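Fold and geometry: a report
Next come the chains, spelled out residue by residue.
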There are 2 protein chains.
Amino acid sequence: MTEARPQTRIQKKNRETILDAALDVFSSEGFRGATLDQIASAASLSKPNVLYYFSSKEAIYTELLSELLDTWLDPLRALDPKGDPIDELVAYMRRKFEMSRQYPRESRLFANEIVQGAPRIVDEINGPLKSLVDKTAKLIQSWIHAGRLAPVDPYHLVFSIWATTQHYADFDVQVRGILTPEGDSHLDDAEAFLVTLYTRTLTPTSN
Amino acid sequence: MTEARPQTRIQKKNRETILDAALDVFSSEGFRGATLDQIASAASLSKPNVLYYFSSKEAIYTELLSELLDTWLDPLRALDPKGDPIDELVAYMRRKFEMSRQYPRESRLFANEIVQGAPRIVDEINGPLKSLVDKTAKLIQSWIHAGRLAPVDPYHLVFSIWATTQHYADFDVQVRGILTPEGDSHLDDAEAFLVTLYTRTLTPTSN
DNA sequence: GATGAACTTGACCGTTTGGTCAACAAACGC
DNA sequence: GCGTTTGTTGACCAAACGGTCAAGTTCATC
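Residues numbered from 1 in each chain as written. Chains lettered and ligands numbered in written order. Predicted model: local features only at pLDDT ≥ 70, side-chain atom pairs only at ≥ 80, totals over all residues. Heavy atoms only, no water.

Scanning all chains against the criterion turns up three cavities of 30 Å³ or more. Each pocket or cavity is described by its volume, and for the largest cavity that value is around 130 Å³. Around the largest cavity sit Leu69(A), Trp72(A), Leu73(A), Lys96(A), Phe110(A), Glu124(A), Ile125(A), Pro128(A), Leu129(A), Trp162(A), Gln166(A) and Gln174(B), which together line it. Elements supplying a minimum of two residues to the lining of the largest cavity: helix H4 (57-72), helix H8 (122-145) and helix H9 (154-170) of chain A. At four residues, H8(A) tops the list of elements feeding residues into the lining of the largest cavity. Class assignment of the residues belonging to the lining of the largest cavity gives a composition of eight nonpolar, two polar and two charged. The calculated volume of the second largest cavity comes to roughly 90 Å³. (1 Å grid on protein atoms, 1.4 Å probe; cavity = no way out; pocket = protein on both sides within 12 Å on 5 of 7 lines; lining within 4 Å. Points joined across faces, edges and corners; volume = space filled by probe spheres on them. Helix = DSSP H or I, 4+ residues; strand = E, 2+ residues; numbered from the N terminus. Nonpolar A, V, L, I, M, F, W, Y, C, P; charged D, E, K, R; others polar.)

With that settled, consider the UniProt feature "DNA-binding region" (unreviewed entry) in chain A. UniProt feature "DNA-binding region" (unreviewed entry): in the numbering of this structure it lies at residues 35-54 of chain A. For residues 35-54 of chain A, the helix share is 70%, the strand share is 0%, and the end-to-end C-alpha distance is 14 Å. (UniProt positions renumbered as here; feature names shortened; annotations may be inferred.)

Right, let's talk about the UniProt feature "domain: HTH tetR-type" (unreviewed entry) in chain A for a bit. As recorded in UniProt, the feature "domain: HTH tetR-type" (unreviewed entry) lies at residues 12-72 of chain A. With 85% helix and 0% strand, residues 12-72 of chain A has end C-alpha atoms that lie 23 Å from one another.

We now examine the protein's contact with DNA strand D. The environment of DNA strand D is formed by 19 residues, the closest being Arg9(A), Lys57(A), Thr8(B), Gln11(B) and Tyr53(B). In DNA strand D, the atoms that sit within 4 Å of the protein are 61% sugar and phosphate, with bases accounting for the remainder. Taking Lys57(A), its main chain carries an N or O atom lying 2.8 Å from a phosphate oxygen of DNA strand D. One of the side-chain N or O atoms of Asn49(B) is found 3.3 Å from a phosphate oxygen in DNA strand D. (Near = heavy atom within 4 Å. Polar contact = N/O pair within 3.5 Å; in protein donor to acceptor, adjacent residues only side chain to side chain.)

Let's shift gears to the environment of Leu202(B). Residues and elements named next belong to chain B. Mapped onto the elements of the fold, Leu202 is located in helix H11 (residues 185-202). The class of Leu202 is buried, set by a relative accessible area of 1%. Counting along the chain gives 51 residues from Leu202 to Pro151, while the straight-line C-alpha distance between them is 7.5 Å. For Leu202, the residues in contact, after removing those within four places along its chain, are Ile86, Leu89, Leu149, Ala150, Val152 and Leu157. (Buried < 20%, exposed > 50% of the residue type's maximum accessible area, 1.4 Å probe, protein only. Contact = heavy atoms within 4.5 Å.)

Glancing now at the interface of chain B and chain A. In this assembly, 56 residues from chain B lie in contact with 56 residues from chain A. The interface formed by chain B and chain A holds zero salt bridges in total. Linking chain B with chain A are 15 residue pairs in polar contact (both at pLDDT 80 or more), by the criterion used here. Listing elements by their share of the side of chain B that touches chain A, those giving two or more residues are helix H1 (9-33), helix H7 (104-115), helix H8 (122-145), helix H9 (154-170), helix H10 (172-179) and H11 of chain B. Element by element, the count of residues in the side of chain B that touches chain A is highest for H9(B), at twelve residues. Residues of the side of chain B that touches chain A, tallied by class, amount to 27 nonpolar, 20 polar and nine charged. (Salt bridge = Lys/Arg side-chain N within 4 Å of Asp/Glu carboxyl O.)

This part covers helix H10 (residues 172-179) of chain A. Along an α-helix, residues three or four apart share an orientation, since each turn contains 3.6 residues. Taken across its eight residues, H10(A) has six buried, putting it largely inside the fold. As for H10(A), its buried residues are in contact with helix H7 (104-115), H9 and helix H11 (185-202) of chain A together with H7, H8 and H9 of chain B. Directly beyond the C-terminal end of H10(A), a positive phi value near 40° is found at Thr180(A).

Another aspect to go through is the protein's contact with DNA strand C. As a matter of local geometry, DNA strand C sits amid 19 residues, with Thr8(A), Gln11(A), Tyr53(A), Arg9(B) and Lys57(B) nearest to it. Sugar and phosphate atoms form 59% of the subset of DNA strand C atoms that lie within 4 Å of the protein. The separation between a phosphate oxygen of DNA strand C and a polar side-chain atom of Gln11(A) is 2.5 Å. In this structure, a phosphate oxygen belonging to DNA strand C sits 3.1 Å away from a main-chain N or O atom of Ala34(B). Every element with two or more residues in the surface near DNA strand C is listed here: helix H1 (9-33) and helix H3 (47-53) of chain A together with helix H3 (47-53) of chain B. Here the surface near DNA strand C is composed, by residue class, of eight nonpolar, seven polar and four charged.

Moving on, we get to the domain arrangement of chain A. Residue and element names in this part refer to chain A. Structurally, chain A comprises domain 1 (9-65) and domain 2 (73-202). One C-alpha centre belongs to domain 1, the other to domain 2, and the line joining them spans 29 Å. Between domain 1 and domain 2, the residue contacts involve twelve residues of the former and eight residues of the latter. When domain 1 packs against domain 2, the two sides together hide about 990 Å² of surface, and 59% of this comes from carbon and sulfur. Taken as a group, Leu23, Ser27 and Leu65 account for 52% of the area that domain 1 buries against domain 2, more than any other trio of residues on that side. Counting every contact that joins domain 1 to domain 2 gives three salt bridges. Arg105 serves as the salt-bridge partner of Asp20, at 2.9 Å between the closest nitrogen and oxygen. Here domain 1 is connected to domain 2 by five residue pairs in polar contact (both at pLDDT 80 or more). Going through the elements one at a time, H1 and H4 are the ones with two or more residues in the side of domain 1 that touches domain 2. When residues in the side of domain 1 that touches domain 2 are grouped by element, the largest group, seven residues, is from H1. (Domains from an automatic or database assignment. Buried area = accessible area lost by both parts, 1.4 Å probe.)

Next comes the structure, spelled out in structure tokens:
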């Protein structure tokens, strides 16, 4: 997707600095709420200098977004049709949770974009994302058909995994306001809860 | 909270028109992304006229937020300690889901605010909201202690209910992109899934 | 260490933004 | 009807915004 044009050391370093700063700003302010001055300031660069590396505010944003989409679906692609269904789905949930935990800014950037109607990635959603979820849903359905999973709607199962895992990144302020945790410890509890939630939901009943 | 000052017919009508238009705009653009011109245009009023009824853009926004917070917690307050635990919690989830379904704009407004750090409602979260959730968590814990619910972390249970129900309002574009539903029918499936999810999770095992 | 390419930035520009104001129009109370 | 309150708006303002540019500085290469 992103072609690897020749880059000097300085280019590489500064582009990374800018993208990191922009991720901070965009994820907490949204596209329109973010300003080039904020980004430049967060990157400790002058505004014209930022625009020397990226042609526009929009260009920085779309670069972040496409980088993100590339990796965001990896956990789902890693579902193994040959594995144990419950283990696979719980493991998928764990990978997704881990991503929200390690990349909360990316999660919030994505959330901001979607909540506001996803004007820039609507094609990605209707195309590649839909295809991948459709494929996954068929796999889950086949597992259910084989009696290896309790019957559930595969699509809504996937949605619920997305919702519950991303919640801890996207609604971090709310979670922290209620749990008043120190550090990250509450996320271990969250993961344990989610493992229980999905294990109980997916385990077939004996009769 | 909002004191009822004397209002003429015109005031009442126009304030409502403005708030409704502003909800449209704020919920889909965020606070910073929304402009007074958009709001005025959506309300079919001139910009100075909008500012005749509200002292500032911020005033419109905070009015919407405080109206919202008032009603947003009602479903949780309606939990009945004397009812059947599973029925009560599933009914709570249903009420929450119904709110997201009927008031998706409000849900997105809230989501926007929280994702961006909730600068204006951080006190509400750390105060009243935390108290209410703490109280609910104790109730759930007592139900578990009495063996009437399968053991789960009460806080994360509540978070998961919030996450899964709001998801359908906040991430509507994504859900629709994948399911390509006509109308609202997919939300019935979603609700059925969530009932299953929480029933299975909360039902105590016999042994 | 000279030369050209890569990098940096203060000053600036046009537009958009939230908000004001004075002047006018409608509605209300009598 | 008539005066006063209430409602309405075009014109305007200062600040903030995304983006440009010319002039300067640093860097790699020979």
